[in-house]
Amino acid sequence: SLRFDGKNHLEISLYFFPVNEGLRAQKVDKKQPIFRFQPNRISTYSKNWNFDIKNKVMVNNIGFVNNQNYYNNNNTLMSVIGDSYVEALMVPFYESVSGLLSKKSVKNKVYSFAASGAGLSQHLVWAEYAKDKFNSEYFVFVIISNDFFESLSNYESSPGFHRFVLNEDNTWDLKLTEYHPSLTRKIFRHSKLAMYLITNLKIHARLDIPLILGKNDKRISYVSNFNADVSQKFWQEATRVTNIYLENVEMFSGADKKKILFVLDGIRPQLYNLNLSNQISDSFWFKIRKYFINEANKKGFEVIDMQKEFIKAYKLERKKFEFKTDSHWNSVGHKTVANSIENSIVWKSFIQNK
């Protein structure tokens, strides 16, 4: 006879709750170097022990989070590339940046290429993929505070992504950390209890090692969900990554700089209290944003500074741009970013390109 213990009861009871089912990343290696998820699948996304954020997520025919299937056709294509902010698991697709832009583009197409954990280095790989497979002509890159850290192989090694290796002779390489889902992981994917423990409670999460802290024995402070204080070594690496990225984005994307747009996240949640400006002006995100914008402008790229756009929108409607329990953009944040993109020179060129 079947024996039902506490574990069985928990497993069964969790079928009545919106447990995060995960996206099921596919293997990434030299033969299949593009990070993607199991295609043609709809899954439940939820956050935290009480499921206070929940959503239905579609992975399309190619393996990216998007309600549209991707095809190589005669439409002019804009690719939106980034990390979890573009992936946007927390909001319905047509309330995300990619979904909103797709609705505004009638004759042309907007595709997204994104996943949590992707850094600037992975942006370049996806840009090349979008160019080669779908003939993408226009590109929007969304830049977040941790994208620099996640681009460096000596700090971040989670599998599936390409990262920069900075050599001492001032050269650089792209290094792929391969990903092969284990049998245990494949089994866990089919257990509600295991997925609840891993994706909602995150009991597997390891403590971050403070490799980039600038001062010892100092309590870590965060600005925009990243360390405010970093070492001089990391600052130099981050600026070098910025230069490599900007110098190579045209080559990887195959696009002229007039068809490339960079969108930099604001300084949240500090932007809601401008009296904190003195406390953030020396933070990593404040300084790297300024550096990135200056370097991009010098090279002739168009940049949207969402700090200005968010402040302007907040003064009008007093609505915050992230969730109460999560720093990712909520629907208000995505709409504000999409509206800002629609006012850009790159977007207007894209719409008029028929």
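## With respect to the layout of surface pockets
Then comes step 1: The calculated volume of the second largest pocket comes to roughly 340 Å³.
Then comes step 2: The wall of the second largest pocket is formed by 13 residues, among which Ala-313, Glu-317, Lys-335, Thr-336 and Asn-339 lie closest to the centre.
Then comes step 3: Those elements that provide at least two residues to the lining of the second largest pocket are helix 10 (306–317) and helix 11 (331–342).
Then comes step 4: The residue makeup of the lining of the second largest pocket, split by class, is four nonpolar, four polar and five charged.

## Some details on the pairing of strand 4 (residues 109–114)
Both faces of the sheet carry side chains from a regular strand, because those side chains alternate between them.
Then comes step 1: Of all the six residues making up strand 4, five are buried; the element is thus mostly covered by neighbouring parts of the structure.
Then comes step 2: Taken together, the six bridges between strand 3 (residues 77–82) and strand 4 define a ladder with parallel strand orientation. Residue pairing in the sheet places Val-80 in a bridge with Ser-112 of strand 4.

## Some points on unusual backbone geometry
Then comes step 1: With an omega of 0°, the peptide bond between Arg-268 and Pro-269 qualifies as cis.
Then comes step 2: Counting through the fold element by element, Pro-269 comes out in the loop between strand 10 (260–264) and helix 8 (277–280).
Then comes step 3: The phi dihedral of Asn-135 is positive, around 55°, even though this residue is not glycine.
Then comes step 4: Mapped onto the secondary structure, Asn-135 falls in the loop between helix 4 (120–134) and strand 5 (138–143).
Then comes step 5: One non-glycine residue with positive phi stands out, namely Asn-225, at about 65°.
Then comes step 6: For Asn-225, the location among the structural elements is in the loop between strand 8 (222–223) and strand 9 (226–227).

## Side note on the nonpolar core
Then comes step 1: Judged by nonpolar contacts, the single largest core of 69 residues is most densely connected at Phe-113, Trp-126, Phe-141, Ile-143 and Phe-262.
Then comes step 2: When contributions to this core are tallied by element, the ones reaching two or more residues are strand 2 (53–59), strand 3, strand 4, helix 4, strand 5, helix 7 (232–253), strand 10 and helix 9 (284–298).
Then comes step 3: Here the element with the most residues in this core is helix 7; it accounts for nine residues.
Then comes step 4: Apart from the residues within four sequence positions on either side, Phe-262 is in contact with Phe-141, Ile-143, Tyr-245, Leu-246, Val-249, Phe-292, Ala-296, Phe-301, Glu-302, Val-303 and Ile-304.
Then comes step 5: The next biggest cluster of nonpolar side chains, apart from the first, holds 30 residues, and it includes Val-110, Leu-261, Tyr-272 and Phe-321.

## A word on helix 4
Then comes step 1: With 15 residues, helix 4 extends 21 Å between its outermost C-alpha atoms, agreeing within 8% with the 21 Å of an ideal straight helix rising 1.5 Å per residue.
Then comes step 2: The buried fraction of helix 4 amounts to 11 of the 15 residues, a majority that puts the element mostly inside the structure.
Then comes step 3: Regarding helix 4, the residues found buried are Leu-120, Ser-121, Gln-122, His-123, Leu-124, Val-125, Trp-126, Ala-127, Tyr-129, Ala-130 and Phe-134.
Then comes step 4: Here the buried face of helix 4 lies against strand 3, strand 4, strand 5, strand 6 (162–166), strand 7 (172–176) and helix 7.
Then comes step 5: Looking one or two places after helix 4, you find Asn-135, whose phi comes out positive at around 55°.

## Notes on the sheet that holds strand 3
Backbone-to-backbone hydrogen bonds join strands into a sheet, with any given pair of strands oriented parallel or antiparallel.
Then comes step 1: Strand order in the open sheet formed by five strands is 4-3-5-10-11, with parallel pairing between adjacent strands. Edge positions in the open sheet fall to strand 4 and strand 11 (302–305), since each of these has one partner strand only. Neighbour-to-neighbour, the strand axes of this sheet turn through a mean angle of 20°, independent of strand direction.
Then comes step 2: Each of strand 10 and strand 11 touches helix 10; the most contacted strand, strand 11, lies at about 40° to it.

## Things to note about empty space enclosed by the protein
Then comes step 1: Taken as a whole and judged by the stated rule, the model has two cavities of 30 Å³ or more.
Then comes step 2: Of the voids in this model, the largest cavity is the one considered here, and its volume is about 100 Å³.
Then comes step 3: Around the largest cavity sit 16 residues that line it, and Val-65, Glu-87, Ala-88, Val-91 and Phe-93 are the ones nearest its centre.
Then comes step 4: Elements that contribute at least two residues to the lining of the largest cavity include exactly strand 2 and helix 2 (84–87).
Then comes step 5: If you tally residues by element for the lining of the largest cavity, the top one is strand 2, at four residues.
Then comes step 6: Residue composition of the lining of the largest cavity, by class: eight nonpolar, six polar and two charged.

Reading the values: the criteria
Residues numbered from 1 in each chain as written. Predicted model: local features only at pLDDT ≥ 70, side-chain atom pairs only at ≥ 80, totals over all residues. Heavy atoms only, no water. 1 Å grid on protein atoms, 1.4 Å probe; cavity = no way out; pocket = protein on both sides within 12 Å on 5 of 7 lines; lining within 4 Å. Points joined across faces, edges and corners; volume = space filled by probe spheres on them. Helix = DSSP H or I, 4+ residues; strand = E, 2+ residues; numbered from the N terminus. Nonpolar A, V, L, I, M, F, W, Y, C, P; charged D, E, K, R; others polar. Buried < 20%, exposed > 50% of the residue type's maximum accessible area, 1.4 Å probe, protein only. Pairing = 2+ DSSP bridges. Core = buried A, V, L, I, M, F, W, Y, C linked by side-chain atoms within 4.5 Å. Contact = heavy atoms within 4.5 Å. Expected span 1.5 Å × (residues − 1). Axes fitted to C-alpha atoms, helices over the stretch in contact; angles between N-to-C directions.

Taken by themselves, the reported measurements are silent on function.
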